[in-house]
Amino acid sequence: MAGRGWGSDQGEDAAIGVSERSLFAPLPLPSPLLPDPGQAPLQADVAASVPVAETGRIVRVRRQISLTSLPRLRHSVNTAASLELDRGVAFLLVPVCLAIGAIGYFSLTAEPDFARPVAVVILTGICALVSRSWPKTHLCFMAALLCALGLLAAKVETWRAGTQMLGSEISTQVTGRVVSLDRMETGRIRLTIDVTSTARPKLRYAPERVRLSARKIPADVTAGSLITGYAKLLPPTGPVRPDSYDFSFDSYFAGIGGSGFFLGNPKLVVNDDGDMPLPARISSSVENAREGIADHIRASVGGAEGEIAAALIVGVRAGIPDDINEAMRRTGIYHIISISGLHMALVAGTIMGLLRGAFALFPDFSARRPVKKYAAAAALFSIAAYLIISGVVVAAERSFIMLAVMLIAVLFDRAALTMRNLAISAIAVIVVSPHEVVGPSFQMSFAATAALVGAYAGWADHRAGKARPPPPKRSVPGFLTRKFLLAATGLAMTSIIAGSATTLFAIWHFQRVSPLSLFANLAVMPIVTVVMFLAVASALLMPFGLDWPALYLMGKGLTMMIAISGWISERSPVDGVGLISQQSVLLVAIALVIATMATTWLRLAALPFALAGLLTVSDTRTPDVLISEDARLVALPIGGGELAVSRERPNEFTVDNWKRALTSETIVVPEVFDNSDGQFDVADAVDLPLGSPFYCSSGVCVARHMSGAIIAYVEDRKDAWKACGFAELIVINDATAYDACHNPLVLVITKRQLARKGSAAVFFDRQSATTPATISFAVDSPYRPWHTQRKYSREARGLAPFKKPEKPAANPQPPQ
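Cut-offs applied
- Residues numbered from 1 in each chain as written.
- Predicted model: local features only at pLDDT ≥ 70, side-chain atom pairs only at ≥ 80, totals over all residues.
- Heavy atoms only, no water.
- Axes fitted to C-alpha atoms, helices over the stretch in contact; angles between N-to-C directions.
- Helix = DSSP H or I, 4+ residues; strand = E, 2+ residues; numbered from the N terminus.
- Parallel < 35°, antiparallel > 145°, perpendicular 65-115°, else oblique.
- Left-handed = near helix turned anticlockwise from the far one by under 90°.
- Contact = heavy atoms within 4.5 Å.
- Nonpolar A, V, L, I, M, F, W, Y, C, P; charged D, E, K, R; others polar.
- Buried < 20%, exposed > 50% of the residue type's maximum accessible area, 1.4 Å probe, protein only.
- Lys, Arg positive; Asp, Glu negative; His and termini not counted.
- Salt bridge = Lys/Arg side-chain N within 4 Å of Asp/Glu carboxyl O.
- Pairing = 2+ DSSP bridges.
- Core = buried A, V, L, I, M, F, W, Y, C linked by side-chain atoms within 4.5 Å.
- Disulfide = S-S within 2.5 Å.
- Phe/Tyr/Trp six-rings, centres within 6.5 Å; stacked < 30°, edge-to-face > 60°.
- Lys NZ or Arg CZ within 6 Å of the ring centre and 35° of its normal.
- pLDDT = per-residue confidence, 0-100.

Here's the deal with the packing of helix α16 (residues 418-432) against helix α17 (residues 440-464)
When two helices pack together, their arrangement is captured by the angle between the axes and the distance separating the axes. For the pair α16 and α17, the least separation of the axes is 10 Å and the interaxial angle reads 165°. By the angle between their axes, α16 is roughly antiparallel relative to α17. The two elements α16 and α17 cross, and the hand of that crossing is left-handed. Here T418, M419, L422, S425, A426, V429 and I430 of α16 come into contact with α17, specifically with F442, F446, T449, A450, V453 and G454. Looking at the contact of α16 with α17 residue by residue, the class counts come to nine nonpolar, four polar and no charged.

So this is what it looks like as C-alpha cells:
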C-alpha cells in the first residue's frame, strides 16, 4: 500500500483520505478470460483434444473459448464479489436500497395504509434473521428489508407532514406570523406566513402556512411579526405537463398549503411576542439574522454582485436578476449559487488553513498540543454555523454530513473513508427527508459526488501501484507552470466527471444541457475560490465592522464572474434538448452505482447498463399537443422550431418549460379575426395548411398539427359544436361543458377534467386517420395526499366561476 498520496500513520499530519480499497491487500483475481496456472490438467485436456492438422491460431482460439466456461466465470464472479463484500460495499449499498424503497413508495398509484409497509418490514426482517446461515440468501433478504424500510420511512414522512392544502382559490382576510421574507428582483416581497386566522369569509379548512407576495410591507416587519391583509389565495399547482416537476408535491412536504398575493399592502399587528413557542422564536431569530446580514452585504457590495454575494454567504438568492440566472444556467455554473459541497469544503479548508497557519507561529505550543484537532473542531463548528445561517437545503445538508464525518474522524485519529462519508450522508438525508430522493437536487448532488469520489479513488489506486522516481529539479517558472497545468487539468477533469454523471438527470428534470459548461467552469472556478475565501474573511471580520475590504474585493470578483458567464452565454448554442425516456435515466443510474462502488473487475458490469441507457435515450414520444391544467393554454409544435399557443399573453413559466420539452425556440401567438370582416371562418379550418398556428373567429380558435389533425380551443361551451365537424381535438375552457360531439373520433377535453387530473399531453396516430387521439394526464386517480385538494375546487365539481352579486344602487329611485 505504499505510494505517494496514500500517507502513513506516523505523525499528526498523517493523511486521513485513505481509500477503502487500501484496507485490503489487492488479491490476484482470476479473470474469466485469462488462463489460470492452477488448471494445468484442463489445459492438457484441451491440447490433447485438438487435432494435429489444425493451425496454431485455431488452437489458441479454441483454448481461449474453452477456458471461458460457465463454471470458471462463476468462480471468478464469486471471488470478486467476496472481495467487494470484504471491502465494505454492502454498507455503500444501504442508501441505494433505502432510496429504491422511497422511490417505490412515491411511484405507487394509490396511497397504502400503515399496515402494509409495516407487515412487509416485519416479514423481510424475520426472513433476514432466519437466513443468516445462508450468506447469499441473507444478503438478498437484507436488501429487501432495507427497501421496505425506505418505503416505510417515506410513508412516515408523508403522515408526519400532513399539510392542509387549499382546495380552491378564494379571497379572504389573512392574519398570520411571518416566517420568512424574500425581496424579489421585481421589487415585490414574498412572505411565508403561518396563518393564525382568516375572516371575510372565515375558512373552515384554512392552510396552516401560505406563501404570499406584496407590493410593499411596513418597514418594521421582520420574521416573527404578526401581519394582516386581504389576500387572494390559490391552491398549489400541479405539473405543467405530465412527468414534469410537481409543485404540489413540493408544497406538501414544505408545509405550504397555498400561495397567492395581497390585494393591498398588509398591515402590522401590534402584539406581544411572548406567546410564540420556543422553536418559532429560534427560527425567527435565525431568519432575522440572515436577512440582516443579507441587507448589510447588499448595501456594501450593491447591484447584482451584492445579491450573488448574499446568496453565497446566507443563501438568500431571490433578488438575483433573471438575466444573470439564465446566463449561469446556460453556461452550467448555476451550481455556484446553490450552497453545496464546493462552498462547505472551501469554508472548512479556509478555517483549517488559517488556524494551522496561526498555530505554526507558536512552534512550542504546536509541538505539545494536537493543533490539527483544534483546527478540525473549529472547522466543524464553522460549517455547522454556515449550514444554519444559509438555510438547510439538501445539497448543503449532504455536504455538511460528509465533512462532519471526515472532521470527526480527524478528532478521533481515524481514517476518513470518503465513499463511506457519502453513504452516511445519503442515509441521513433519506431517513429524515425521503421525498428528496425523487427531486433533482438530491439526484444530481449525489450523482456528481459519487462520480468524483469513485473516479479519484480509482486514480489513486492506479498511482499507488506504480513506483515513481523523484521529480526532477525545476526552475521557478517551470515549477509554477507545472502546478498551473496540474490545477487546470484537475479542474477540467472534475467538471467533465461531474457533468457526465449529472447530464441525463439534468435533461430529465429540466430538458436542458450546457454545451459550454466545461469552458465556463474552467474560467470561473479560480475566481469562485478566491471569492469564497473573501466570503469567509468577511464573515469573520463582520462582527468588528472590518469586513468592507473583503466585501469590496468579493464584489469585483463577482463582476468578473458575471461578465464571463454573460460572454459565454451569448455564444452558447440552444440548450433545450427535449424529452428523454425514463428507462434511460434508470439504466444510467444503475451503471453509476456499479461503476462508483465496485473496486474489482466487476465494475465492468456498468458498461452494458450505461450503453443500454444511452441507446434508449430517445425511446420516448414527444407530445403532439400540451394543455395546461387550468385549460387556459394549449400549445402544439408547428415545425421550424415554432410553438403555436392559444393565448396572446401565455404564462411565461409554462411556455418556457414547453419550449424546452418540445425543442422549440419561438412562440407564435394566435391571430384573431372579426366575425364581420369575413377574412376567416372556422369552417375553413379543413383548408388550413399543415403546421398552421391558431386562428380565432366566432369564439373558436383552430390550428393544424403537422400530422394533419385539427385542434380547436373554445372558451364557451355553447361554441363547442362549431368544431365537431372537422376537429380531432377540442379543448373547452368551461367547467360546465360536456361532450357535445358524441363522436368517438373527436377527443373533447373540458376544464373539469383538467382540474381533476391536471395538465395533459395528447398524441395523434399518424398512421391512421380513423384512430382517435390518446391523452395522458399529469395526476393519477385515486389521489395521493399531495393531490387530494384537487377534487374540492369549483372547476373540479363542474361549477361555473363564482361571481359576486351586484351591489344595489346608492340612491334607488322609487317605482313610478
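Thoughts on the side chain of E157
Relative to the assigned elements, E157 resides in helix α7 (residues 135-161). No salt bridge is formed by the buried E157, whose closest oppositely charged neighbour, R160, lies at an N-O distance of 4.5 Å. Excluding residues that lie within four positions of it along the chain, E157 makes contacts with F106, F253, V432, S433, P434 and H435.

Comments concerning the packing of helix α6 (residues 115-130) against α7
Remark: α6 packs on α7, axes separated minimally by 8 Å, with the N-to-C direction vectors making an angle of 160°. As summarised for this structure, α6 and α7 are arranged roughly antiparallel, according to the angle between their axes. Considering how the two elements wind past one another, α6 and α7 form a crossing that is left-handed. Contacts from P117, V118, V120, V121, T124, G125, C127 and A128 of α6 reach α7 at H138, F141, M142, A144, L145, A148, L149, L151, L152 and K155. Its residues placed into classes, the contact of α6 with α7 shows 14 nonpolar, three polar and one charged.

Examining unusual backbone geometry
With the exception of glycine, the majority of residues adopt a negative phi angle, and the majority of peptide bonds are in the trans configuration. A cis amide bond links R200 with the next residue in sequence, P201, at an omega value of 0°. Within the secondary structure, P201 is located in the loop between β2 (189-199) and β3 (209-214). Phi angles above zero are rare outside glycine, and T663 is one such case at about 50°. Inspection of the secondary structure assignment puts T663 in the loop between α23 (652-661) and β10 (666-668). Positioned with a positive phi, S698 is a non-glycine residue whose angle comes to about 60°. Within the secondary structure, S698 is located in the loop between β12 (692-697) and β13 (700-704). With relative accessibility at 22%, the residue S698 sits in the partly exposed group.

Comments concerning the pairing of β2
Each regular strand shows side chains that alternate between the opposite faces of the sheet. By the bridge criterion, ten bridges tie strand β1 (residues 170-183) to β2 in an arrangement that is antiparallel. Bridge pairing in β2 places S180 opposite T192. In this structure, the hairpin formed by β1 and β2 is closed by a connection of five residues, where G187 is found at a positive phi of approximately 100°. Sheet topology places β2 next to β3; six bridges connect them, and they run antiparallel. Within β3, the position partnered with T192 by the bridge is R211.

Quick notes on the side chain of E307
Mapped onto the fold, E307 is located in helix α10 (residues 303-314). If we ignore the near neighbours within four places in the chain, the residues touching E307 are R298, V316, G319 and I320.

Concerning the nonpolar core
Grouped together as the largest cluster of nonpolar side chains are 84 residues, with contacts concentrated most on I308, I383 and M554. No other element matches helix α19 (residues 517-541), which puts ten residues into this core. For I308, the contacting residues outside a window of four places in its chain are I320, I324, I337, L558, M561 and I562. A631, V668, A709 and L729 belong to the second largest nonpolar core, which has 25 residues in total.

Things to note about the state of the cysteines
In this structure the tally under the stated criterion is two disulfides. A disulfide bridge connects C696 with C701, and the sulfur atoms are separated by 1.9 Å. Because the sign of the S-S torsion sets the handedness, a value of about 110° for the bond joining C696 and C701 places this disulfide among the right-handed ones. Given the relative accessible area of 8%, C696 is considered buried. The disulfide that involves C724 links it to C741, with 2.0 Å between the sulfurs. The S-S bond linking C724 to C741 shows a torsion near -80°; that makes this disulfide left-handed. Of this pair, C724 sits in the loop between β14 (710-714) and β15 (729-732) while C741 sits in the loop between β15 and β16 (747-750), placing them 17 residues apart in sequence. Just as C724 is buried, C741 falls in that class too. Regarding the disulfides, the protein carries the connectivity 1-2, 3-4 under sequence-order numbering of its bonded cysteines. Residue C147 stays outside any disulfide, its sulfur separated by 4.5 Å from that of C97, the closest cysteine.

A word on the packing of aromatic side chains
Applying the stated rule across the entire model yields 16 aromatic pairs. Ring centres 6.0 Å apart and planes at 35° place the aromatic pair F673 and Y695 in the tilted group. Taken together, the positions of F673 in the loop between β11 (671-672) and β12 and Y695 in strand β12 put the pair 22 residues apart, joining distant regions of the chain. Residue F673 shares its accessibility class with Y695, and that shared class is buried. Each member of the aromatic cluster is reached from another via a ring pair, and the members are Y105, F106, F249, Y252, F253 and W786. Above the ring of F114, the side-chain terminus of K155 is found at 5.2 Å from the ring centroid. Its guanidinium or amino end placed over the ring of Y334, R329 lies 4.6 Å from that ring's centre, counting from NZ or CZ.

Digging into the sheet that holds strand β8 (residues 634-639)
Taken in spatial order, the six strands line up as β10-β9-β8-β7-β17-β18 in an open sheet, and their pairing is mixed. What marks the edges here is a single partner per strand, and that holds for β10 and β18 (774-777). If you compare each strand with its neighbour and ignore which way they point, the axes differ by 25° on average. As paired elements, strand β9 (residues 642-645) and β10 share three bridges and run parallel to each other. Across the sheet, residue A644 finds its bridge partner in β10, namely V668. Docked against the sheet, α23 engages β7 (625-627), β8, β9 and β10, running at close to 115° with respect to β10.

Observations concerning the sheet that holds β13
Within the open sheet, the six strands sit side by side as β11-β12-β13-β14-β15-β16. Their pairing is mixed. Looking at the sheet topology across the chains shown, the edges are occupied by β11 and β16. Relative to β13, β12 is paired through four bridges, and the arrangement is antiparallel. The partner of S692 across the bridge, within β13, is R704.

Observations regarding the pattern of salt bridges
Using the criterion set out here, one finds 18 salt bridges in the structure. Here D113 and R116 are joined by a salt bridge, their closest N and O atoms 3.9 Å apart. Owing to a relative accessible area of 41%, D113 belongs among the partly exposed residues under this scheme. What makes R116 exposed here is its relative accessible area of 59%. Here the salt bridges do not stand alone but share partners, grouping R183, E291, D295, R298 and E307 into one network.

Let's talk about the confidence of the model for the protein
When pLDDT is averaged across the protein, the result is 84; 88% of the residues are at 70 or more. Contacts from residues 1-54, a stretch scored under 50 in pLDDT, to residues over four places away or in other chains number 93 contacts.

What to know about the environment of E648
Residue placement: E648 occurs in the loop between β9 and α23. Classification of E648 by relative accessible area gives exposed; the value is 53%. Those residues in contact with E648 that lie beyond four places of it in its chain are V669, P670 and V672.

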